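Chain residues, written in single-letter form:
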Number of protein chains: 2
Amino acid sequence: MNATYIATGSELLDFKLNRYTPLFSQKLSKIGIKLKYEITVRDDPDDLIKSINFAISNSDIIIICGGLGPTFDDHTRNVISKITGKKLIFSKEIEKIFHQRYGKSLKPNILDQCMVIDGAKIIENKNGTAFGEIIEYNKKTIILLPGPQLEWEPMWGEIEKYLFKKIKNPIITYRFKLADIKEVELENLLKPVIEEFKLDFTILAGANICEFIIRGEKKNKKILEDAKEKIEKIVFNNLYGYDDDTLEKVIGEILLRKKKTLSTAESCTSGLLAHKITNIPGSSLYFKGGVNAYSNEIKEKILKVKSETLKKYGAVSQETAFEMSRNILKIFKTDYSISITGIAGPSGGTALKPVGLVCFGISNKNRTQTYKRLFLNRDRAYIKEASVNTAMFLLYKMIK
Amino acid sequence: MNATYIATGSELLDFKLNRYTPLFSQKLSKIGIKLKYEITVRDDPDDLIKSINFAISNSDIIIICGGLGPTFDDHTRNVISKITGKKLIFSKEIEKIFHQRYGKSLKPNILDQCMVIDGAKIIENKNGTAFGEIIEYNKKTIILLPGPQLEWEPMWGEIEKYLFKKIKNPIITYRFKLADIKEVELENLLKPVIEEFKLDFTILAGANICEFIIRGEKKNKKILEDAKEKIEKIVFNNLYGYDDDTLEKVIGEILLRKKKTLSTAESCTSGLLAHKITNIPGSSLYFKGGVNAYSNEIKEKILKVKSETLKKYGAVSQETAFEMSRNILKIFKTDYSISITGIAGPSGGTALKPVGLVCFGISNKNRTQTYKRLFLNRDRAYIKEASVNTAMFLLYKMIK
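Residues numbered from 1 in each chain as written. Chains lettered and ligands numbered in written order. Predicted model: local features only at pLDDT ≥ 70, side-chain atom pairs only at ≥ 80, totals over all residues.

Would you take a moment to explain the relation of the copies chain B and chain A for this structure?
In this arrangement, two copies of a chain are superimposed by a rotation about an axis accompanied by a shift along the axis. The operation relating chain B to chain A is a screw motion whose rotation component is 180 degrees, with 0.3 Å of axial translation and a residual RMSD of 0.4 Å. Taken together, these values place the two copies in the relation of a two-fold axis. No C-alpha of chain B lies nearer the rotation axis than that of G271 of chain B, which sits 1.9 Å from it. When the interface residues of chain B are mapped onto chain A, 98% of them are again interface residues, pointing to one common binding face. (Least-squares fit on C-alpha atoms with pLDDT ≥ 70 in both. Contact = placed C-beta atoms within 7 Å.)

Laid out in structure tokens, this is it:
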């Protein structure tokens, strides 16, 4: 089975990035449905009709996201009624929920949101008034969802269950989250298992992080689990989690559980590490703060890196990374610390220290370990991102 | 005239964000062409044929990005040949360029990249071997471009010129970059000019930043310029640039020109400000660094905020922001400094200090100015982003 995802909203063509495509693709692939097309279309009924007709002709499942609101530029419901010939009817089921939810403060215009396609299965929107709908039409399944992720994502569980029932051979998926390993290295390492189990796999490469995905029919679950066990043994040194785990989430959970604190000393990444760590709500319970020591003067005066170290080994060296990490731990009085110093480019590289060279220091109370990585032929944004991912993974290895 | 943009590549469905849609929309809209549809499609010839046929039926211009490489999953050229009935021919023009470019190191497989659609206009790819092609077919214009932005963007000038000739009424566009003003306020302020000049306009709202775009036919350039002048007077207090200007770019240029230095003290944004500032290559010439004082302990011990201030006014107060900014300027010995302290949520808010309350301090050698903003009903990511944009704009106002 395959699907088309239609994103409605002129803003998604003109200025706003459509961030949902990979989300839908991954959610669908988890149950064995392939996302075949994604179409973005303006808030224009004619354009919408053409897109939906294309999707109906070329796929089994059509997911339409957006255009369910009560304003003049929301056309999805009317268009679906026109295409399918099914009437729009007033849903007492939704009205009841609105009454329970809003009581006397229920505004009459919200009742417009009770209009649904005749025969549609309704899915409650717990974070908004645009409810989801599943419509069967000419052996195709049309799913209407509100635009905001906060609204449609909580509905997905019910949609997954619905679609799962239609699938003859359900698919299960395992996602391994890895860091500090190159895509090709990973593929080489895993080649024997892939061949032994004839695995259907994907490798998604990020900035010095990777995701390894295997999938197979549910009836072969035992085989997949055997493969999973073997994979875990092989990639043990680079595995930090599964599914939706991120490095900042995983290290946050460990620090919280162990009641330990963290500080950071950043040069080339200048705050990106501290920013990522504090994207986790509640991170103030373990993250005290850090210093962005972009200039050598700050490395010396604030982080107390010895001027001899900077002179002899340079700012980008394991020796400087060592002192940055050791000293921030002491100055900020934390249990752990991370330092990053490198050359993000585009200029500033030399033959001995090219753009992409980055050094790290990871400390606990007793010791400081330093590391060196080279991200060659990469741009500034990648080098900053890869440095931060690597640093978080190196800390993970120390605290796990 | 209108266009469809087709993005090819399974990775764009499965995991990689398609970041080009707004870019193409803005580039096309600049010359008066409306982007009507965007379609993402797998590296599958059948899927590609269906998408292109849809685009040909429903738009005047079809831009196909990707699938021009020499590997087995690049199908664009063959598919276009099939659809249009035009043969693939060997281009001596491209061969000549390859010989000049690579000389004896020219590998035979690169010569496969000389195959083009018969009659196509060739556009040189200065950063790769997949050249662009413009094909006229049944009164429609089909444009083939390589996938990487680094490769297609330098070709756009030539494509723009080509398309511009086809347009009967060329369009010109002015883009105003604004900060620290709400979308609705901006619209109210500009209503009189919009009505006076009957402006065709768009407002793009970001995190406490806005873009105001006006467009009109080239023959009415004089009128548009009069409108532009009036707009500038009205939004003077919130205008920081034009076109592709960003706040980090604009403040970087001023600091560089005036040979001044900057430091930062961040609480709730914890490094995001320093990260943004250092996304500009060469920012080490004016940015010395900063402190991410996520905990009160660090605010007191490192940033020397008085414990009475923290006790009496709280960490999120203009008083604390004042001391953070004043002290980081002194500690880091810079000409200017920025401080941010706020409540990014989701928890930590109170009735008096709700989630979204953020205080700022902006200092030069002689004075420190403090500000307070409230980003209500927003999530953590928005509050961090809006705080950083606001802080950079407040600095801009001091240094401009």
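Help me understand the domain arrangement of chain A, please; the structure alone is not making it clear to me.
By a frequent convention, interface size equals the accessible area lost on bringing the separate parts together. Per the domain assignment, the segments of chain A are domain 1 (2-166), domain 2 (171-242) and domain 3 (247-399). Taking only C-alpha atoms, the centre of domain 1 of chain A and the centre of domain 2 of chain A are 34 Å apart. (Domains from an automatic or database assignment.)

I would appreciate a short explanation of the interface of chain B and chain A in the present structure.
Residue-level contacts link 48 residues of chain B with 47 residues of chain A. In this sheet, strand 14 (residues 287-293) of chain B lies alongside strand 14 (residues 287-293) of chain A in antiparallel orientation, the contact comprising five bridges. Looking across to strand 14 of chain B, one finds that G290 of chain A is bridged to N292 of chain B. (Pairing = 2+ DSSP bridges. Helix = DSSP H or I, 4+ residues; strand = E, 2+ residues; numbered from the N terminus.)

What should I look at first to understand unusual backbone geometry in this one?
Phi is mostly negative for residues that are not glycine, and the peptide bonds are mostly trans. Residue and element names in this part refer to chain A. P346 follows G345 through a cis peptide bond whose omega is 0 degrees. Tracing the chain through its elements places P346 in the loop between strand 15 (336-342) and strand 16 (357-363). A positive phi is found at S270, a non-glycine position, where the angle reads about 35 degrees. Note on placement: S270 falls in the loop between strand 13 (262-266) and helix 11 (272-277). The exposure class assigned to S270 is buried, which follows from the 29 C-beta atoms found within 10 Å. The backbone phi angle of K333 is positive, close to 50 degrees, even though this residue is not glycine. Relative to the helices and strands, K333 is located in the loop between helix 14 (318-331) and strand 15. Classification of K333 by C-beta neighbours within 10 Å gives partly exposed; the count is 13. (Buried ≥ 20, exposed ≤ 12 C-beta atoms within 10 Å, placed from the backbone.)

Whenever I open this one, the packing of helix 10 (residues 247-258) of chain A against helix 15 (residues 380-399) of chain A confuses me. Can you help?
In a pair of packed helices, the angle between the axes and the distance between the axes together describe the arrangement. Residue and element names in this part refer to chain A. At a minimum axis separation of 10 Å, helix 10 and helix 15 run at an interaxial angle of 30 degrees. One element, helix 10, and the other, helix 15, form an angle in the roughly parallel class. Two packed elements cross with a definite hand, and for helix 10 against helix 15 that hand is left-handed. Between helix 10 and helix 15, the contacting residues are L247, E248, V250, I251, I254 and L255 on the first element and N389, M392, F393, L395, Y396 and I399 on the second. Split into classes, the residues belonging to the contact of helix 10 with helix 15 amount to ten nonpolar, one polar and one charged. (Axes fitted to C-alpha atoms, helices over the stretch in contact; angles between N-to-C directions. Parallel < 35°, antiparallel > 145°, perpendicular 65-115°, else oblique. Left-handed = near helix turned anticlockwise from the far one by under 90°. Nonpolar A, V, L, I, M, F, W, Y, C, P; charged D, E, K, R; others polar.)

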